[in-house]
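An overview of the molecular structure
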Amino acid sequence: MIEQKQRIGDARLLSIYKEGFTHVSSAVDEVKFLWPQTADTLVGAYEEINSRLLKQVMEERMNLEGEVKRFLAKSNSQLVYLANLEKHLRNLQQEMEGVYEEAKMKQAVDEGGDSLEEAGTDATGGTDKDPPE
């Protein structure tokens, strides 16, 4: 038995092989009509092949649609999460800025108008000058 991986490249055998198809082609070119049984066979073969291909294409389309739906669902979830996180972080930032502004105003009122910067002190109550030696 010949292994499937082996190839025969003999030019003479290939020529004989091709010549056989030439004879078949010539015979088919001479056909002027089909018998009903032949037409039934032809149409049946086409229907069978097309049905198989259609089924395969439909399965591939359905698989792709499933992949697309999963991708869109995941992407949508991530987008919603990021949008909500962005909104939350913006709110925190605004809240922090508001607290800071309120603290500065309160400090200014408590000190009679002097702010921390004007008094030369930091938030811990020390001065920004070096201590004497």
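Whatever comes next refers back to the structure up there.
Presented here is a report on the structure given in the accompanying data block. (Residues numbered from 1 in each chain as written. Predicted model: local features only at pLDDT ≥ 70, side-chain atom pairs only at ≥ 80, totals over all residues. Heavy atoms only, no water.)

**Details of the overall build of the protein chain**
Definition in use: In this description a helix means any DSSP run of H or I spanning at least four residues, a strand means any run of E spanning at least two, and both kinds are numbered starting from the N terminus. Summary of the burial criterion: residues with accessible area below 20% of their type's maximum are buried, those above 50% are exposed, and those between are partly exposed, where the area comes from a 1.4 Å probe applied to protein chains only.
When you go through the protein chain residue by residue, the secondary structure sums to three helices and zero strands. Within the protein chain, buried positions represent 2% of all 133 residues.

**Thoughts on the pattern of salt bridges**
Test applied: Salt-bridge detection follows one rule: a side-chain nitrogen of Lys or Arg within 4 Å of a carboxyl oxygen of Asp or Glu.
Scanning the model with the defined rule gives six salt bridges in all. For the salt bridge of Asp10 with Arg12, the shortest nitrogen-to-oxygen distance reads 3.3 Å. Exposure remark for Asp10: the relative accessible area of 26% places this residue in the partly exposed category. Take Arg12: its relative accessible area is 64%, and that puts it in the exposed class.

**Here's the deal with helix H1 (residues 11-29)**
Threshold: Each helix should span, by expectation, one fewer than its residue count multiplied by 1.5 Å. Contacts described as polar in this section are N or O atom pairs within 3.5 Å, which, within protein, must combine one atom able to donate a hydrogen with one able to accept it, while residues neighboring in sequence count only if both atoms come from side chains.
The terminal C-alpha atoms of H1, which comprises 19 residues, lie 27 Å apart, in line with the 27 Å expected from a rise of 1.5 Å per residue. Where H1 begins, the capping side chain belongs to Asp10, and its oxygen is found 3.1 Å from the backbone nitrogen of Arg12.

**Quick look at helix H2 (residues 36-110)**
End to end, H2 covers 108 Å across 75 residues, agreeing with the expected 111 Å (1.5 Å per residue, within 8%). Of the residues one or two after H2, Gly112 is the one with positive phi, at around 75°.

**Here we look at the packing of aromatic side chains**
Heads up, the condition is: Centre distance within 6.5 Å is the pairing criterion for rings of Phe, Tyr and Trp, where only the six-membered ring of Trp is used; planes under 30 degrees apart are then read as stacked, over 60 as edge-to-face, and the remainder as tilted.
This model, assessed by the stated rule, comprises two aromatic pairs. Between Tyr17 and Phe21 the ring centres are 5.1 Å apart and the planes differ by 75°, which places this aromatic pair in the edge-to-face class. Pair noted here: Tyr17 and Phe21 are both in helix H1, with a separation of four residues, about one helical turn. Comparing Tyr17 with Phe21 shows no difference in burial state: the two are exposed.

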